[in-house]
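Observations on chain architecture
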Amino acid sequence: QVQLVESGGGLVQPGGSLRLSCAASGSFFRINTMGWYRQAPGKQRELVATITWGGTTNYADSVTGRFTISRDNAKNTVFLQMNSLKPEDTAVYYCNAAALSTALRPYDSWGQGTQVTVSS
């Protein structure tokens, strides 16, 4: 199983920046896709950005041009650089990993979430 630990959330003013990190550990063959999702109060969890093992990225329209996802495959870590933050970016951000077990079975893992609050 993959254990995911997120860090980097906090309170920031509109227009500011934050960088989230998510480190994966445990026993697995490989993590294929890593991503960030977010859930605001009263709303469903939504995709923010994903990145494949090979580096192909995908972004929600609402964050394109402002957020950048990257990963370090050697350290099994994914990052989310968030710039030009808006109040509507306020949410709990969750890290996700689509991995292959040592038996080559696919499964999903989620982190515990980190709060991002954008407010003046």
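Above: the structure in question.
For clarity, every value in this text was computed on a predicted model and none was experimentally measured. (Residues numbered from 1 in each chain as written. Predicted model: local features only at pLDDT ≥ 70, side-chain atom pairs only at ≥ 80, totals over all residues. Heavy atoms only, no water.)

Attention now moves to the overall build of the chain. Secondary structure assignment for the chain yields zero helices and eleven strands. The linear arrangement of helices and strands in the chain, starting from the amino end, is β-β-β-β-β-β-β-β-β-β-β. Against the 2.2 N^0.38 benchmark of 14 Å for 120 residues, the chain shows a C-alpha radius of gyration of 14 Å, consistent with a compact globule. With the principal axes as the frame, the chain shows a C-alpha extent of 50 × 25 × 20 Å. Looking at the chain as a whole, 43% of its 120 residues qualify as buried. A total of about 6,200 Å² of accessible surface is found on the chain, and carbon and sulfur atoms cover 49% of it. Side-chain charges of the chain comprise 10 positive and 7 negative groups, with the mean position of each set lying 5 Å from the other. (Helix = DSSP H or I, 4+ residues; strand = E, 2+ residues; numbered from the N terminus. Rg over C-alpha atoms; globule rule 2.2 N^0.38 Å. Buried < 20%, exposed > 50% of the residue type's maximum accessible area, 1.4 Å probe, protein only. Areas by Shrake-Rupley, 256 points an atom, 1.4 Å probe, with all protein chains shown as cover. Lys, Arg positive; Asp, Glu negative; His and termini not counted. Charge placed at Lys NZ, Arg CZ, Asp CG, Glu CD.)

Inspection of the entire model under this criterion finds one aromatic pair. Geometrically, the ring pair formed by Tyr37 and Trp110 is edge-to-face, given 5.1 Å between the ring centres and 65 degrees between the ring planes. With Tyr37 in strand S4 (residues 30-39) and Trp110 in strand S10 (residues 106-110), the pair connects residues that are 73 residues apart, well separated along the chain. The partly exposed category is assigned to Trp110, whose relative accessible area is 38%. The aromatic ring of Tyr94 is capped on one face by Arg45, whose charged end is 3.8 Å from the ring centroid. Positioned above the aromatic ring of Trp110, the side-chain terminus of Arg45 is 4.7 Å from the ring centre. (Phe/Tyr/Trp six-rings, centres within 6.5 Å; stacked < 30°, edge-to-face > 60°. Lys NZ or Arg CZ within 6 Å of the ring centre and 35° of its normal.)

Right, let's get into the nonpolar core. Val2, Trp36, Leu80, Met82 and Tyr93 are the most contacted members of the largest nonpolar core, which totals 31 residues. Counting only elements with at least two residues in this core, the list comes to strand S1 (2-7), strand S3 (18-26), S4, strand S5 (46-51), strand S7 (67-72), strand S8 (77-82), strand S9 (91-100) and strand S11 (114-118). It is S9 that provides the largest number of residues to this core, a total of five residues. When neighbours within four sequence positions are excluded, Met82 is seen to be in contact with Gly16, Ser17, Leu18, Leu20, Arg66, Phe67, Tyr93 and Val116. (Core = buried A, V, L, I, M, F, W, Y, C linked by side-chain atoms within 4.5 Å. Contact = heavy atoms within 4.5 Å.)

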